[in-house]
Amino acid sequence: MKTILIIDDEPEILQQVRKRLESHHYRCSTAADPVAGIASARSEMPHLILLDLMLPGMSGLGVLRELKKDPRLKTIPIVILSAVGDEEIAREAMDLGAAGYLNKSCSPQELLAAVREYAS
């Protein structure tokens, strides 16, 4: 079973995404802040990380930088899942090593397609 780590500070988003993915037989873990998210990634070694950009204390781009600096984690695909639809930020995330960028308003089918594609 593939493990997906969801890092987001909005409890309702965590619950919705987790429920959607678990109903399609993914194991999900969640973190509501950057420090917990980085620690979870290091301890769980998930197959995929879904990462929000707007987090308390450190931006999602900061988390992305930290994860990609770690030799054990740098190959884990990270998909940005954010309400921020700024093309410049999306390009920066991709330049930093994000595998993909989804808007939080994406359809359940788009979310599942991205997870299937990147959680190999």
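Residues numbered from 1 in each chain as written. Predicted model: local features only at pLDDT ≥ 70, side-chain atom pairs only at ≥ 80, totals over all residues. Heavy atoms only, no water.

Structural notes on the packing of helix α1 (residues 11-22) against helix α5 (residues 108-118)
Thinking step 1. Following both chains from N to C, one finds α1 and α5 inclined at 65 degrees, their axes separated by 11 Å at the closest point. It follows that α1 is roughly perpendicular to α5 by the angle criterion. Crossing of α1 against α5: the hand is right-handed. Contacts from Val-17, Arg-20 and Leu-21 of α1 reach α5 at Pro-108, Leu-111, Leu-112 and Val-115.
Thinking step 2. Considering only residue class, the contact of α1 with α5 consists of six nonpolar, no polar and one charged. (Axes fitted to C-alpha atoms, helices over the stretch in contact; angles between N-to-C directions. Helix = DSSP H or I, 4+ residues; strand = E, 2+ residues; numbered from the N terminus. Parallel < 35°, antiparallel > 145°, perpendicular 65-115°, else oblique. Left-handed = near helix turned anticlockwise from the far one by under 90°. Contact = heavy atoms within 4.5 Å. Nonpolar A, V, L, I, M, F, W, Y, C, P; charged D, E, K, R; others polar.)

Points about the pattern of salt bridges
Thinking step 1. The tally for this structure, following the rule as stated, stands at eight salt bridges.
Thinking step 2. Among the ionic pairs, Asp-70 bridges to Arg-42, the shortest N-O distance being 3.1 Å. One end of the pair, Asp-70, is in the loop between α3 (60-69) and β4 (78-82); the other, Arg-42, is in helix α2 (residues 34-44), and 28 residues separate them in sequence.
Thinking step 3. A residue is classified by how much of its surface remains accessible, and Asp-70, at 13% relative accessible area, is buried.
Thinking step 4. For Arg-42, a relative accessible area of 35% gives the class partly exposed. (Salt bridge = Lys/Arg side-chain N within 4 Å of Asp/Glu carboxyl O. Buried < 20%, exposed > 50% of the residue type's maximum accessible area, 1.4 Å probe, protein only.)

Geometric descriptors of this kind do not, in isolation, establish any biological role.
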